[in-house]
Amino acid sequence: MVISVNVPRLVIAAPSSGSGKTTVATGLMAAFAERGLAVSPHKAGPDYIDPGYHALATGRPGRNLDAFMCGPELVAPLFAHGAAGCDLAVVEGVMGLYDGAAGRGELASTAQVAKLLRAPVVLVVDASSQSRSVAALVHGFASFDPQVRLGGVILNKVGSDRHEVMLREALEEAGMPVLGVLRRAPQVAAPSRHLGLVPVAERRTDAVSSVAALAEQVRAGCDLEALLALARSAPALACEAWSPEQALLPRPAPAGGVRPVIAVAGGAAFTFSYAEHAELLTAAGAEVVTFDPLRDEALPTGTTGLVIGGGFPEVYAPELSANEPLRKAVAAFAAGGGPVAAECAGLLYLARSLDGKPMCGVLDADARMSERLTLGYREAVAVSDSALSVAGTRLRGHEFHRTVIEPGAGAAPAWGFTHPERRVEGFVQQGVHASYLHTHWAAEPSVARRFTEAAAARQ
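## Some details on helix H1 (residues 21-34)
Reasoning step 1: The end-to-end C-alpha distance of H1, which contains 14 residues, comes to 20 Å, matching closely the 20 Å that a straight helix rising 1.5 Å per residue would cover.
Reasoning step 2: Most of H1 sits out of view: 10 of its 14 residues are buried.
Reasoning step 3: Those residues of H1 lying buried are Lys21, Val24, Ala25, Thr26, Gly27, Leu28, Met29, Ala30, Ala31 and Phe32.
Reasoning step 4: Of the residues one or two after H1, glycine 36 is the one with positive phi, at around 95 degrees.

## A look at the nonpolar core
Reasoning step 1: Counting 113 residues, the largest nonpolar core has Leu117, Leu155 and Leu227 as its most contacted members.
Reasoning step 2: With 7 residues, H1 is the largest single contributor of residues to this core.
Reasoning step 3: In contact with leucine 155, not counting residues within four places along its chain, are Val125, Ala127, Val134, Leu167, Leu171, Val178, Gly180, Val181 and Leu182.
Reasoning step 4: Formed by 38 residues, the second largest nonpolar core is a distinct cluster that contains Ala317, Ala342, Ala351 and Leu363.

## Thoughts on helix H5 (residues 133-144)
Reasoning step 1: Look at H5: 17 Å from first C-alpha to last across 12 residues, which is about the 16 Å you get at 1.5 Å a residue.
Reasoning step 2: Here H5 has its buried residues at Val134, Ala135, Val138 and Phe141. The buried residues of H5 occupy one face: seen down the axis, they fall within an arc of 135 degrees. Residues of H5 that are exposed and point more than 90 degrees away from the buried face comprise Ala136, His139 and Phe144.

## Concerning the layout of surface pockets
Reasoning step 1: The volume enclosed by the second largest pocket comes to roughly 900 Å³.
Reasoning step 2: Lining the second largest pocket are 44 residues, with Thr271, Phe272, Ser273, Tyr274 and Ala275 sitting closest to its centre.
Reasoning step 3: Breaking the lining of the second largest pocket down by element, the ones donating at least two residues are helix H2 (49-58), strand E4 (63-65), strand E12 (261-265), helix H10 (275-283), strand E13 (287-291), strand E14 (303-308), strand E15 (340-343) and strand E23 (432-435).
Reasoning step 4: Class assignment for the residues of the lining of the second largest pocket results in 26 nonpolar, 14 polar and 4 charged.

## Points about empty space enclosed by the protein
Reasoning step 1: Counted by the stated rule, this structure contains 2 cavities of 30 Å³ or more.
Reasoning step 2: Considered class by class, the residues forming the lining of the second largest cavity number 5 nonpolar, 2 polar and no charged.

## Some thoughts on the sheet that holds strand E8 (residues 178-183)
Reasoning step 1: Strand order in this open sheet of 7 strands is E4-E3-E5-E2-E6-E7-E8, and the pairing throughout is parallel. The open sheet terminates on both sides in strands that have one partner only, identified here as E4 and E8. Across this sheet, the average inter-strand angle for adjacent strands is 25 degrees, counted without regard to direction.
Reasoning step 2: As defined by bridge partners, strand E3 (residues 39-44) adjoins E4 across 3 bridges and the pair is classed as parallel.

## What to know about the packing of H1 against H2
Reasoning step 1: One way to put it is that H1 packs onto H2 with a least axis distance of 8 Å and a crossing angle of 20 degrees. Judged by the inter-axis angle, H1 sits roughly parallel to H2. When the axes of H1 and H2 are compared, the crossing they make is right-handed. For the pair H1 and H2, contact is made by Thr22, Thr26, Met29, Ala30 and Ala33 and by Asp50, Tyr53, His54, Ala57 and Thr58, respectively.
Reasoning step 2: Here the residues of the contact of H1 with H2 sort into 5 nonpolar, 4 polar and 1 charged.

## Focus on the sheet that holds E14
Reasoning step 1: As summarised here, the arrangement of the 6 strands in space is E13-E12-E14-E15-E23-E22, forming an open sheet in which the pairing is mixed. Of all the strands in the sheet, the pair left with one neighbour each is E13 and strand E22 (427-429). Direction aside, the axes of adjacent strands within the sheet are offset by 15 degrees on average.
Reasoning step 2: One ladder, built from 3 bridges, connects E14 with E15; its direction is parallel. Looking at E15, one finds that leucine 306 is bridged to valine 340.
Reasoning step 3: Taken strand by strand, helix H14 (residues 446-456) contacts E12, E14 and E15, and its axis lies near 145 degrees from that of E14.

## Observations regarding the pattern of salt bridges
Reasoning step 1: Enumeration according to the criterion identifies 24 salt bridges in this entry.
Reasoning step 2: We note a salt bridge from arginine 423 to glutamate 399, for which the minimum N-O separation is 2.5 Å. With arginine 423 in strand E21 (residues 423-425) and glutamate 399 in strand E19 (residues 394-407), this residue pair connects regions lying 24 residues apart in the sequence.
Reasoning step 3: A relative accessible area of 27% means that arginine 423 is categorised as partly exposed.
Reasoning step 4: When its relative accessible area of 2% is taken as the criterion, glutamate 399 is described as buried.

## Quick look at the packing of aromatic side chains
Reasoning step 1: Counting across every chain of the model gives 7 aromatic pairs.
Reasoning step 2: Measuring from ring centre to ring centre gives 4.9 Å for tyrosine 48 and phenylalanine 272, while their planes differ by 5 degrees; the resulting arrangement is stacked. Placement of tyrosine 48 in the loop between E3 and H2 and of phenylalanine 272 in the loop between E12 and H10 is noted, with a sequence separation of 224 residues between them. Both residues of the pair, tyrosine 48 and phenylalanine 272, belong to the buried class.
Reasoning step 3: Ring plane angle 25 degrees and centroid distance 4.3 Å describe the contact between phenylalanine 68 and tyrosine 377, whose orientation is recorded as stacked. Taken together, the residues span a long stretch of sequence, with phenylalanine 68 in the loop between E4 and helix H3 (75-83) and tyrosine 377 in strand E18 (residues 365-382) at a distance of 309 residues. Across the pair, exposure class does not vary: phenylalanine 68 and tyrosine 377 are buried alike.
Reasoning step 4: Following the ring pairs from residue to residue traces out a cluster consisting of Tyr48, Phe272, Tyr274 and Phe312.
Reasoning step 5: The positively charged end of arginine 396 is found above the aromatic ring belonging to phenylalanine 68, 4.4 Å away from the centroid.

Criteria and cut-off values
Residues numbered from 1 in each chain as written. Predicted model: local features only at pLDDT ≥ 70, side-chain atom pairs only at ≥ 80, totals over all residues. Heavy atoms only, no water. Helix = DSSP H or I, 4+ residues; strand = E, 2+ residues; numbered from the N terminus. Expected span 1.5 Å × (residues − 1). Buried < 20%, exposed > 50% of the residue type's maximum accessible area, 1.4 Å probe, protein only. Core = buried A, V, L, I, M, F, W, Y, C linked by side-chain atoms within 4.5 Å. Contact = heavy atoms within 4.5 Å. Arc of directions from axis to C-beta. 1 Å grid on protein atoms, 1.4 Å probe; cavity = no way out; pocket = protein on both sides within 12 Å on 5 of 7 lines; lining within 4 Å. Points joined across faces, edges and corners; volume = space filled by probe spheres on them. Nonpolar A, V, L, I, M, F, W, Y, C, P; charged D, E, K, R; others polar. Pairing = 2+ DSSP bridges. Axes fitted to C-alpha atoms, helices over the stretch in contact; angles between N-to-C directions. Parallel < 35°, antiparallel > 145°, perpendicular 65-115°, else oblique. Left-handed = near helix turned anticlockwise from the far one by under 90°. Salt bridge = Lys/Arg side-chain N within 4 Å of Asp/Glu carboxyl O. Phe/Tyr/Trp six-rings, centres within 6.5 Å; stacked < 30°, edge-to-face > 60°. Lys NZ or Arg CZ within 6 Å of the ring centre and 35° of its normal.

Shown next as structure tokens:
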């Protein structure tokens, strides 16, 4: 049923990566949440790490809006699902405002998401090396696509009072409101490493302090009332909110009335997951239980399905290797034909070794860190029948890793990539589906249904 979605909303964008989108978006979320508003956090694109900071700032799950992986038609419904009952939604953009999937025009860009949500855009500009030129920059972004409504600018990394005056004068000439000015404040920056920010789960105490500092910085430097008024100017959005139950209709019934237990890896080493995956598994009839491979020495009681998502196992390889009881439990579960879905970090964990440290040994393969970053959207087709999909199933996904895996023999490939390059990737053997490819199951809910059915069959 199509409804009118009236949640006030803002999209936080920038001319390029590194301008301060995460600083501003997270600070705004935290500042408004501290006022008592229910704030719905969203992230354009496939990124897993920023939503962790968003969740910390708002107390609600960070949710991704990815027009490539899920299709443009699901952006508004997924937004409405996440923002239901909220007073405000803040969407952090990806890369530069008009940057999207390579060679696909506006697809998966922040600009496309803003248009699909009919949301005003706030442009965060790194003003550290410019003065009057900021007006030309902002004018170009405001006029490039008339369907994108640029509602104002937040100036970041401003050096002095005099610098601020020059920037404000230039933007006043251009007729663009300045909604905030943030001075250089490296003390609130979150630490980074080879794949971006360090996830919240790895530095929770420090992350709480960082988010609090971001909120204070935003409160001091931004016009929160003007930003809220801009958010409230967003027109009604007519769409049907996505729901995992509706996506899985007709809803499957648990075999014998007993819900299969699907164990999902979590903790500091496995932080990459989309909130909708657990929701779909639950709607498909599963009982979803989280476990931490760094600490737990056994799988949750009654486990009949195992999901090991992305994260940073390379950072925790010694600790993961040292937890021999769990490694053996995972290996025994897979050897017995139990359904296992592993993405990226999960793939590495299932390998025989990672940087020379013993892993679970489920796969005849060894993994190691690499200097080369593999990054980008992929179009894929399932090569083999598995616990996740039947051969021929088409999905779009995303690769993001600095590791390589050297396979042995005995496993069929999981995916055949059709774009941007043709190659096969991943492993399917017995009940195991392991791959570098990150996918968003909202785009193909049958994945959750099939996996839950495979888990139920093990009861």
